[in-house]
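# Remarks on the overall topology
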Amino acid sequence: MRLNGTSDTKKRIIAISPDDMNMYTEIAKTVLHNVDLLQAEISQIMTRILKNTTIDSKQRADVGVNLTIPDIREEYSQKTNGDREDEANYRSAMHDDEMGIVAKCEAPAPFNDVSFEGTISLLCKIRIGGNWFRKLLRPKKENLTINDCAIIGESVVLLDDYNTRLIIYNKDGSNKRDIKLSSKPWCIAVINNSDVAVSFNQSYIEIIDIHKKKTNDKIVTSGDPFGISYQNELLYVVIRLQKIDVMGFTGNIIRSFPCPSSSVWYITTDSERLFLADYSQDTLYCCDMYGSVTWTFTDDKLKYPCGVTVDLTGNVYVASNSSDKVVVVSHDGEHSTELLTREDELKSPVGICFDKSNNHLLVCNTEPEYAFLYDVNHKENDMFV
């Protein structure tokens, strides 16, 4: 597409030639790795431009278009210093956003509790939703509601309730792709290096291969499933916020026991224990694999706990939704600390996942602009001394 004319308000746009389209195709291959996406973007732009076009019937090749082109220099001269700073920040963010990667590793920050030994550093700050080309045009913000998240191999997976889909990125923030889901999803659990289990509000669970983008199995549950965790070839599923069903992949219930309270949503497991978050009572429960409570944890910094995950040493990480924090609780429930706060851009955090294979921690807000991937370094074998 070429522009003829001077810098006045009337421009003449020549129809896109095959050579132009070939040029855009090469750009797409190099920048987006997605030819169809770029062609769709161009088509949308041309549709908007031509919507109010007046056609000159005497010229077969040209399309007359009246465009109002503002004097950018005059507009910029009227901007305040704050406006200019915002624009500079926007352009800087756009440059870093081309592959979805906004920030890379920062210097490790020590945990802020004297009894808590370790450091945490930001590996990647991933911009969620849309693509860099759309952001360049400044469209309306994409609506998202994240319920849960997971790390599977070298990928991060976000559960988008609003758009009923899985959003998948590489760990470095690149190669965004979606998987459309069959219904409104609640929570997610990692099964192996390719499969995840997703709970739905229609009394079933699906086992989904994220690489092949296909559903392998559908498991009917005894009621609406919420939190879900996988351990020792069994699924531990919160049913109607009231009980835990321990299930095989054929849907057979191995055992069932009541939740310790009536508003448990999220669950995680290690080899010998269950951890349950009660959002209405601001309580974290530690139970054995048969539901007997071993210890409970409550604290002023734990408000509306949502996602919960556990590391190799048994320390429990909780997304405290209402206090905008990630709280870490020791394996025995005796100690705790604030690992991440609003200063780390947390705003109503809900999804959290600890990758035990390399000590990576994924955190996501409810209505996110970013997801955050951290490296957690344990000093010796225990974070609390």
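As shown above, the structure is provided for reference.
Residues numbered from 1 in each chain as written. Predicted model: local features only at pLDDT ≥ 70, side-chain atom pairs only at ≥ 80, totals over all residues. Heavy atoms only, no water.

### A short note on the overall build of the chain
Our working definition: The helix and strand labels rest on DSSP assignments: H or I over at least four residues marks a helix, E over at least two residues marks a strand, and numbering proceeds from the N terminus. Each residue is assigned to one of three classes by its accessible area relative to the maximum for its type, calculated with a 1.4 Å probe on protein chains only: buried under 20%, partly exposed between the two thresholds, exposed over 50%.
On a plain count of helices and strands, the chain comes out with 5 helices and 29 strands. Looking at the chain as a whole, 50% of its 385 residues qualify as buried.

### A closer look at the sheet that holds strand 21 (residues 283–288)
Filter applied, for reference: In this description, strands pair whenever DSSP reports at least two bridges between them. The convention used is that axes are lines fitted to C-alpha atoms, helices contributing only their stretch in contact, and that angles between N-to-C directions extend from 0 to 180 degrees.
What the 4 strands build is an open sheet, ordered 19-20-21-22; its pairing is antiparallel. Because the sheet does not close on itself, it has two edges, and the strands there are strand 19 (264–269) and strand 22 (293–297). Strand-to-strand, the axes of this sheet are offset by a mean angle of 20 degrees, without reference to chain direction. In the sheet, strand 19 pairs with strand 20 (residues 273–278) via 5 bridges, with the strands oriented antiparallel. Across the sheet, Thr-269 pairs through a bridge with Leu-274, a residue of strand 20.

### Regarding the pairing of strand 17 (residues 243–247)
Among the 5 residues that make up strand 17, 4 are buried, leaving the element largely enclosed by the rest of the structure. Pairing geometry for strand 16 (residues 234–239) and strand 17, over 5 bridges, is antiparallel. Looking at the pairing, Ile-239 lines up with Lys-243 of strand 17. Here strand 17 pairs with strand 18 (residues 253–258) via 5 bridges, running antiparallel. Of the residues in strand 18, the one forming a bridge with Met-247 is Ile-253. The antiparallel hairpin formed by strand 17 and strand 18 contains 5 residues in its connecting segment, where Gly-251 sits at a positive phi of about 95 degrees.

### Comments concerning the nonpolar core
For clarity, the threshold we go by: Nonpolar cores are built from buried Ala, Val, Leu, Ile, Met, Phe, Trp, Tyr and Cys residues. Side-chain atoms within 4.5 Å join them into one set. We call two residues in contact whenever any of their non-hydrogen atoms come within 4.5 Å of each other.
Counting 46 residues, the largest nonpolar core has Ile-228, Tyr-266, Phe-275, Leu-284, Trp-295 and Val-316 as the members making the most contacts within it. Per-element accounting of this core gives the leading share, 6 residues, to strand 16. Look past the residues within four positions of Tyr-266 in its chain and what remains in contact with it is Asn-147, Asp-148, Cys-187, Gly-227, Phe-275, Leu-276, Ala-277, Cys-306, Gly-307, Val-308 and Val-350. In terms of nonpolar packing, the next biggest core, distinct from the first, is built from 17 residues, Leu-122, Ala-319, Val-328 and Phe-354 among them.

### What about the side chain of His-360?
We count it as follows: Counting of polar contacts relies on pairs of N or O atoms within 3.5 Å, with two restrictions inside protein: one atom must be capable of donating a hydrogen and the other of accepting it, and residues adjacent in sequence are counted only when both atoms are side-chain atoms.
By the element assignment, His-360 lies in strand 28 (residues 360–365). A distance of 3.1 Å separates a polar atom in the side chain of His-360 from a polar atom in the side chain of Lys-171. Beyond its immediate sequence surroundings of up to four residues, His-360 is in contact with Leu-123, Ile-151, Lys-171, Cys-353, Phe-354, Asp-355, Leu-373, Tyr-374 and Asp-375.

### Looking at the pattern of salt bridges
Our working rule: Every case where a carboxyl oxygen of Asp or Glu lies within 4 Å of a side-chain nitrogen of Lys or Arg is listed as a salt bridge.
Inspection of every chain in the model, using the stated rule, returns 12 salt bridges. Notably, a salt bridge pairs Asp-178 with Arg-165, separated by 2.6 Å at the nearest N-O pair. Of this pair, Asp-178 sits in strand 10 (residues 177–180) while Arg-165 is found in strand 9 (residues 165–170), placing the two residues 13 residues apart along the sequence. Across the salt bridge formed by Asp-245 and Lys-243, the nearest N and O atoms sit 3.7 Å from each other. The exposure class assigned to Lys-243 is partly exposed, which follows from its relative accessible area of 26%. Here the salt bridges share partners, and the residues they tie into one network are Asp-160, Arg-165, Lys-176 and Asp-178.

### Brief notes about the sheet that holds strand 25 (residues 325–329)
The antiparallel open sheet is built from 4 strands, whose spatial order is 23-24-25-26. At either margin of the open sheet sits one strand with a lone partner, and together these are strand 23 (305–310) and strand 26 (336–340). Averaged over all adjacent pairs, the angle separating strand axes in this sheet is 25 degrees, with direction ignored. Across 4 bridges, strand 23 lies against strand 24 (residues 316–320) in antiparallel orientation. Residue pairing for strand 24: Pro-305 is matched across the bridge by Ser-320.

### Things to note about the environment of Leu-346
Mapped onto the fold, Leu-346 is located in the loop between strand 26 and strand 27 (349–355). Overall, Leu-346 belongs to the buried group, its relative accessible area being 3%. With 19 residues separating them along the chain, Leu-346 and Asn-365 place their C-alpha atoms 6.5 Å apart. Excluding residues that lie within four positions of it along the chain, Leu-346 makes contacts with Asp-324, Lys-325, Val-326, Leu-340, Thr-341, Val-363 and Asn-365.

### Looking at the packing of aromatic side chains
Put simply, the rule reads: Note on aromatic pairs: the rings of Phe, Tyr and Trp (six-membered ring only in Trp) are paired at centre separations within 6.5 Å, and the planes decide the class, stacked below 30 degrees, edge-to-face beyond 60, tilted for the rest.
Under the counting rule described, the total for this entry stands at 12 aromatic pairs. When the ring of Trp-265 is compared with that of Tyr-266, the centres are 5.9 Å apart and the planes differ by 15 degrees; the resulting orientation is stacked. Of the two residues examined, Trp-265 and Tyr-266, each falls in the buried class. Members of the aromatic cluster, each reached through a chain of ring pairs, are Trp-186, Phe-226, Trp-265, Tyr-266, Tyr-279 and Tyr-304.

### Side note on unusual backbone geometry
Here the phi dihedral of Ser-203 falls at roughly 65 degrees; this positive angle occurs in a residue that is not glycine. Position of Ser-203 among the secondary structure elements: in the loop between strand 12 (195–200) and strand 13 (204–209). Positive phi is not limited to glycine here, since Ser-348 has a value of about 55 degrees. One can find Ser-348 in the loop between strand 26 and strand 27.

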